[in-house]
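Residue strings, one per chain:
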Amino acid sequence: MERKVAIIGAGISGLLACKYTLSKGFHPIIFEAKNSIGGVWTKTIETTKLQTPKVLYQFSDFPWPSSVKEDFPNQHQVFDYIQSYACHFDLLRHIKFNTKVVSIEYEGPSEEEMQYWTMWSGTGAPFSSKGKWKVMVEDTSNLSTEEYLVDFVILCIGRFSDIPNIPEFPPNKGPEVFHGKVIHSMEYAAMDYESAAKLVKGKQVTVVGFQKSALDIAMECTIANGIEHPCTVLYKTEHWIVPDFFPWGVPLPLLYLNRFAELLVHKPGEGFLLSLMATILSPVRWAFSKFVESHIKKKLQLTKLGMVPKHSFFQQLSSCLICIMPEKFYEKVEEGSIILRKGTSFSFCKEGVMVNDDEQLLKTDLVILATGFRGDKKLKDIFVSPTFQDHIFGSPNTTVPLYRECIHPQIPQLAVIGFSESVSNLYISEMRCRWLAELLDGTFKLPSIKDMEKNVEKWDEYMKTNSGQHYRRSCIGAIQIWYNDQLCQDMGWNPKRKKGFIAELFEPYGPSDYVSS
């Protein structure tokens, strides 16, 4: 009997899930709310570029075309690459566009019965004759609804879209009292380029945030307004934003994306010997971090500008917050077309924004909140069951509790792909989809619920130790080879992918190392 697999979202993770479930003989159906594939790459801010060298951000069996010469392609090039991949593997015919998933509901054993399960889905198998998922969808063109019954659900809904993270404000100190306009960066990115430029033209703009979207929007404001109407960037924390991937001429992957780099880090589930080595070699990890930091400080003149972060570059990497500084950003700061303003808190008043507790007034016409998204809430809201909502959300004081960052031990016949982050999300999503396809095909079985939960706790501890306040991002950026090793061992693959001891230890790992099993 052909198994139906519902895949929610036609971004990169959804396309990969479709390709690899197809390869195992399943019947995937992708539900995509928009009229296009590509996820976050469908429409971005005009100046957006890939934040990872393209050699690390590619499909293992579908390299970038030779026509793309840039190391960091722009949005149009990335989108075209994704489109070419979908066409090459004939994935588009499996997608239902303009079809929004409203909810998913498990129909099978009762929640009371599931409480006594010792194995995932009751038996440890991915499919069950007793259970199905009911997927309720809405046609966004005519608002009609339809139900689908499927054997398995893969959530590929992403964490950087749809539900903006809007700061909370005390009564009478929110956007409602402000006489200007307040939007989220999501709304800005959705505009056509001409409308976006027109929106900021001639206005005093305040951008809240100091990650990639905030920096890109600030640069676009300088193009529109120059020094006449400087853009204010209101931020809480300085970050190590890299000017390039070659600190002092050394490729960054040589310092952080090989096995030697991971020997310097305490890893979840490591044995005594690896733990001892990580402790002994910790000064080397510190030196690597200082080496990169010194390059960034020198090249971007951070000390002069008072923009040196208090945390280490290694913590930045372990939080998956690495991004590339827009060209000439700090030159714009020095000339006065961008003003950097640090504030631990802010609120609104009639004329603009009040910064910090001493309520310094920042006069402004337009506030753009580049404050991120609520990916965890998006995951939670798709479930009908309050119990499953609580399971998937987890505690606010822990990471989202997913075994191998894919499977919740207590939610049957369902996987999540693309929530946990890495240095290259495409690369790691492909590995997860291959792992999941092998699980669905019966190549291996999952451990008991109790053992999976113990494993999740170890990874939670690792992320809290290394990512600081950003642990909810579930970042595996500093130990992605170790993570991939676990997936390979589950699938019965040899985790050692290089030829020779020296290559295995020091050559950076990337998608091309996992072309075949």
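Here the structure is a predicted model, which means the values were calculated and not measured. (Residues numbered from 1 in each chain as written. Predicted model: local features only at pLDDT ≥ 70, side-chain atom pairs only at ≥ 80, totals over all residues. Heavy atoms only, no water.)

(A) Broad picture of the pairing of strand β13 (residues 352-355). The pairing of strand β12 (residues 346-348) with β13 spans 3 bridges and is classified as antiparallel. Within β13, the position partnered with Phe-348 by the bridge is Val-353. Between the antiparallel neighbours β12 and β13 lie 3 residues. Sheet topology places β13 next to strand β14 (residues 360-363); 4 bridges connect them, and they run antiparallel. Paired with Val-355 across the bridge in β14 is Gln-360. (Pairing = 2+ DSSP bridges. Helix = DSSP H or I, 4+ residues; strand = E, 2+ residues; numbered from the N terminus.)

(B) Region of interest: unusual backbone geometry. A positive phi angle, close to 70 degrees, is found at Lys-328, a residue other than glycine. Within the element layout of this structure, Lys-328 appears in the loop between α12 (313-318) and α13 (329-335). Take Lys-328: its relative accessible area is 49%, and that puts it in the partly exposed class. In this structure, Gln-413 is a non-glycine residue whose phi angle is positive, near 55 degrees. (Buried < 20%, exposed > 50% of the residue type's maximum accessible area, 1.4 Å probe, protein only.)

(C) Region of interest: the packing of aromatic side chains. One pass over the structure, following the stated rule, counts 33 aromatic pairs. With 5.9 Å between their ring centres and 45 degrees between their planes, Trp-133 and Phe-388 make a pair best called tilted. A residue pair is termed long-range when its members are at least 10 positions apart, and Trp-133 in strand β5 (residues 132-139) and Phe-388 in helix α15 (residues 386-393) qualify at 255 residues. Like Trp-133, the residue Phe-388 is buried in the burial classification. On the numbers, 5.6 Å between centres and 35 degrees between planes, the contact of Phe-178 with Phe-348 is tilted. Here Phe-178, found in the loop between β7 (152-155) and β8 (181-184), pairs with Phe-348, found in strand β12; they are 170 residues apart in sequence, far enough to count as distant. For Phe-178, a relative accessible area of 6% puts it in the buried group. For Phe-348, a relative accessible area of 3% corresponds to the buried category. Each member of the aromatic cluster is reached from another via a ring pair, and the members are Phe-59, Phe-62, Trp-64, Tyr-81, Tyr-85 and Phe-89. The ring of Trp-482 carries the charged tip of Lys-267 above its face, separated from the ring centre by 5.6 Å. For Lys-464, the ring lying beneath its charged end belongs to Tyr-471, and the centroid distance is 5.5 Å. (Phe/Tyr/Trp six-rings, centres within 6.5 Å; stacked < 30°, edge-to-face > 60°. Lys NZ or Arg CZ within 6 Å of the ring centre and 35° of its normal.)

(D) Region of the structure containing the environment of Lys-212. Mapping Lys-212 onto the fold places it in helix α6 (residues 212-225). The sequence separation of Lys-212 and Ile-241 amounts to 29 residues, and the corresponding C-alpha distance is 8.8 Å. Setting aside its immediate chain neighbours within four residues, Lys-212 contacts Gln-51, Cys-323, Ile-324 and Pro-326. Within the structure, the side chain of Lys-212 is placed 2.9 Å from the backbone oxygen of Ile-324, a separation counted as a polar contact. (Contact = heavy atoms within 4.5 Å. Polar contact = N/O pair within 3.5 Å; in protein donor to acceptor, adjacent residues only side chain to side chain.)

(E) Geometry of the sheet that holds β12. Spatially, β12-β13-β14 is the arrangement adopted by the 3 strands of the open sheet, whose pairing is antiparallel. At either end of the open sheet lies a strand with only one pairing partner, and these are β12 and β14. The average undirected angle you get between the axes of adjacent strands in this sheet is 30 degrees. (Axes fitted to C-alpha atoms, helices over the stretch in contact; angles between N-to-C directions.)

(F) Empty space enclosed by the protein, seen in detail. For the structure on display, the rule yields 6 cavities of 30 Å³ or more. For the largest cavity, the calculated volume is near 80 Å³. As for the largest cavity, its lining consists of Phe-245, Leu-252, Pro-253, Tyr-256, Leu-257, Phe-313, Leu-317, Ile-322 and Val-423. Looking at which element gives the most residues to the lining of the largest cavity, the answer is helix α7 (residues 252-256), with 3 residues. Residues belonging to the lining of the largest cavity are distributed by class as follows: 9 nonpolar, no polar and no charged. There is about 60 Å³ of room inside the second largest cavity. Forming the walls of the second largest cavity are Leu-255, Tyr-256, Ala-261, Leu-264, Val-265, Arg-285, Phe-288, Phe-314, Leu-317 and Ala-478. When contributions to the lining of the second largest cavity are tallied by element, the ones reaching two or more residues are α7, α10 (282-300) and α12. Residues that form the lining of the second largest cavity fall into these classes: 9 nonpolar, no polar and 1 charged. (1 Å grid on protein atoms, 1.4 Å probe; cavity = no way out; pocket = protein on both sides within 12 Å on 5 of 7 lines; lining within 4 Å. Points joined across faces, edges and corners; volume = space filled by probe spheres on them. Nonpolar A, V, L, I, M, F, W, Y, C, P; charged D, E, K, R; others polar.)

(G) Expanded view of the pattern of salt bridges. In this structure the tally under the stated criterion is 27 salt bridges. For the salt bridge of Lys-498 with Asp-513, the shortest nitrogen-to-oxygen distance reads 3.0 Å. In this pair, Lys-498 is assigned in the loop between α18 (480-491) and α19 (501-506) and Asp-513 in the segment after α19, connecting sequence segments 15 residues apart. The class of Lys-498 is buried, set by a relative accessible area of 15%. Where salt bridges share partners, they join Glu-105, Glu-107, Lys-134 and Glu-147 into one cluster. (Salt bridge = Lys/Arg side-chain N within 4 Å of Asp/Glu carboxyl O.)

(H) A look at the layout of surface pockets. Quantified by volume, the second largest pocket comes out at close to 770 Å³. The wall of the second largest pocket is formed by 30 residues, among which Ile-324, Met-325, Pro-326, Glu-327 and Lys-328 lie closest to the centre. When contributions to the lining of the second largest pocket are tallied by element, the ones reaching two or more residues are α6, α10 and α13. The element contributing the most residues to the lining of the second largest pocket is α13, with 4 residues. Split by residue class, the lining of the second largest pocket holds 13 nonpolar, 5 polar and 12 charged.

(I) Inspection of a nonpolar patch on the surface at higher detail. A grouping of Phe-272, Leu-273, Leu-276 and Ile-280 is seen on the molecular surface, where their side chains present a nonpolar patch of about 470 Å² in accessible area. Mapped onto the elements, Leu-273 comes out in helix α9 (residues 272-280). A relative accessible area of 58% places Leu-273 in the exposed class. (Patch = residues over 30% accessible without salt bridge, like charges linked within 9 Å, V, L, I, M, F, W, Y side chains within 5 Å. Areas by Shrake-Rupley, 256 points an atom, 1.4 Å probe, with all protein chains shown as cover.)

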